[in-house]
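Results of the structural survey
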Amino acid sequence: MGRVNARLEDLPLRADLRGQQPYGAPQAPLPVALNVNENTHPVPQEVADDILDSIALALRDVNRYPDREFTALREGFASYLGHGLTREQLWAANGSNEVLQHILQAFAGPGRTALGFGPTYSMYPLLTRGTGAEWVAGSRAADYSIDAQDAASQIADAAPDVVFLCSPNNPTGTPLGLDVVEAAYEATDGIVIVDEAYFEFAPHDERSALTLLPGRERLVVSRTMSKAFAFAGARVGYLAADPVLIDALRLVRLPYHLSALTQAAASAALRHAPTMLGMVDEIVAQRDRISATVEALGYTPHASWTNFVLFGGVDDPAAIWQGLYDQGVLIRDVGIPHHLRVTAGTADETTAFLDALASVGSAA
């Protein structure tokens with residue numbers, strides 16, 4: 001009797017997960033990969049050497065469980081962020097997605113809701129539904145901005161248990177005013193998460209939502225080492241919040257969830273923060289170069305405080321994406337009609353993208 005392959009629908013999957021699609025960006029071994037907002041600059045050699053030494057030292061005790069409270073790493077994050085933060089106000093996990101998952105496990109779940117303003121990071125609804133909570137999609141203005149009064153009104157109407165504010169926003173790059181954070185916080189009794197994954201690429205004089213933490217025990221500011229720190233492969237995300245909220249996350253985290261090797265690598269990278277962040281200005285320069293050039297080609301770039309550019313005016317995104325792919329350049333179709341998104345890479349990668357885009361055809 002021939003073997004019949006099982007199908008997903010044959011399994012006793014949770015009803016609320018049936019029909020859902022997993023997160024996924026195209027992966028292809030192309031010469032220029034600018035599709036997932038990585039920092040395409042390699043870790044500087046002097047930093048890599050220190051990381052290797054730190055990992056080698058940690059390996060001597062790898063037969064033992066790691067520090068469950070990752071104390072040294074939390075102290076490193078507190079020192080890096082400043083703003084008078086202490087290690088008791090810091091938390092970390094395997095990428096910012098796990099950090100956000102911890103929050104949802106503690107404060108969302110079955111019978112609860114989480115709200116975000118679309119289009120925004122596609123993992124928010126996936127993480128929400130993964131905990132059994134319901135996702136509520138708020139709306140933005142035509143230019144993808146969020147007005148404080150409108151945000152407060154939408155939050156008050158939906159009464160969510162968790163609110164996501166992506167600052168600056170992914171996939172649009174749009175800045176978010178702190179007045180929106182304040183209004184959102186006042187409009188709910190739930191948790192308000194300000195996701196600052198791309199904050200290091202914002203103008204240097206911009207205030208972080210970290211400045212709003214005092215007196216707001218339901219406010220969370222999350223960050224990642226994947227972008228500005230060029231540490232995407234290490235999978236390290238973190239957040240700052242009131243110590244009592246950190247205590248809540250201990251209720252849902254897995255035991256020893258951060259390996260000794262991860263803690264050692266991240267702590268070493270933080271010791272070299274100025275060097276690691278030295279490439280940010282160059283990335284911002286390439287981002288602005290992309291914006292200016294795609295506009296000259298007849299497309300419409302959106303304002304971006306991130307390491308990527310979303311541009312509109314694309315008559316046939318699939319055709320343009322394929323044309324670039326055929327020339328060895330991978331960018332992202334994020335599902336916004338007539339738009340594509342490209343990560344700002346090195347100067348050579350940016351040149352390769354812009355040359356390929358020009359050869360595929362301008363929008364003018």
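A quick note: this is a predicted structure, and the numbers were derived from the prediction, not measured.

What counts and what doesn't
- Residues numbered from 1 in each chain as written.
- Predicted model: local features only at pLDDT ≥ 70, side-chain atom pairs only at ≥ 80, totals over all residues.
- Heavy atoms only, no water.
- UniProt positions renumbered as here; feature names shortened; annotations may be inferred.
- Helix = DSSP H or I, 4+ residues; strand = E, 2+ residues; numbered from the N terminus.
- Polar contact = N/O pair within 3.5 Å; in protein donor to acceptor, adjacent residues only side chain to side chain.
- 1 Å grid on protein atoms, 1.4 Å probe; cavity = no way out; pocket = protein on both sides within 12 Å on 5 of 7 lines; lining within 4 Å.
- Points joined across faces, edges and corners; volume = space filled by probe spheres on them.
- Expected span 1.5 Å × (residues − 1).
- Buried < 20%, exposed > 50% of the residue type's maximum accessible area, 1.4 Å probe, protein only.
- Arc of directions from axis to C-beta.
- Contact = heavy atoms within 4.5 Å.
- Core = buried A, V, L, I, M, F, W, Y, C linked by side-chain atoms within 4.5 Å.

**Description of the UniProt feature "modified residue: N6-(pyridoxal phosphate)lysine" (unreviewed entry) in the chain**
Cross-referencing UniProt, the feature "modified residue: N6-(pyridoxal phosphate)lysine" (unreviewed entry) maps to Lys227 in the present numbering. Position of Lys227 relative to the elements: it lies in the loop between strand S7 (219-224) and strand S8 (237-240). At 3.4 Å, the side chain of Lys227 forms a polar contact with the backbone oxygen of Asn37.

**Thoughts on the layout of surface pockets**
Empty space within the largest pocket amounts to approximately 920 Å³. Lining the largest pocket we find 39 residues, and of these Tyr23, Val36, Tyr121, Arg332 and Arg341 sit closest to its centre.

**Details of helix H12 (residues 347-360)**
A rise of 1.5 Å per residue sets the reference length of H12, with its 14 residues, at 20 Å; its end C-alpha atoms lie 20 Å apart and thus fit the reference within 8%. Of all the positions in H12, only Glu349, Thr350, Phe353, Leu354, Ala356 and Leu357 are classed as buried. Along the long axis of H12, the arc covered by the buried residues comes to 165°, so they all point the same way. Opposite the buried face of H12, at more than 90 degrees from it, the exposed residues are Asp348 and Asp355. Where H12 is buried, its residues touch strand S1 (32-33), helix H10 (280-296), strand S10 (308-312), helix H11 (317-326), strand S11 (329-330) and strand S12 (340-343). In the segment just after H12, Gly361 is the residue with positive phi, at about 135°.

**Some remarks on the nonpolar core**
If you look at the biggest cluster of nonpolar residues, it comprises 75 residues, and the most contacted ones within it are Leu165, Met225 and Phe231. If one sorts the elements of this core by residue count, helix H6 (residues 178-186) sits on top with six residues. Every residue in contact with Met225, bar those within four places of it in the chain, is listed here: Phe77, Ala230, Phe231, Ala232, Val236, Tyr238, Ala266, Ala269 and Leu270.

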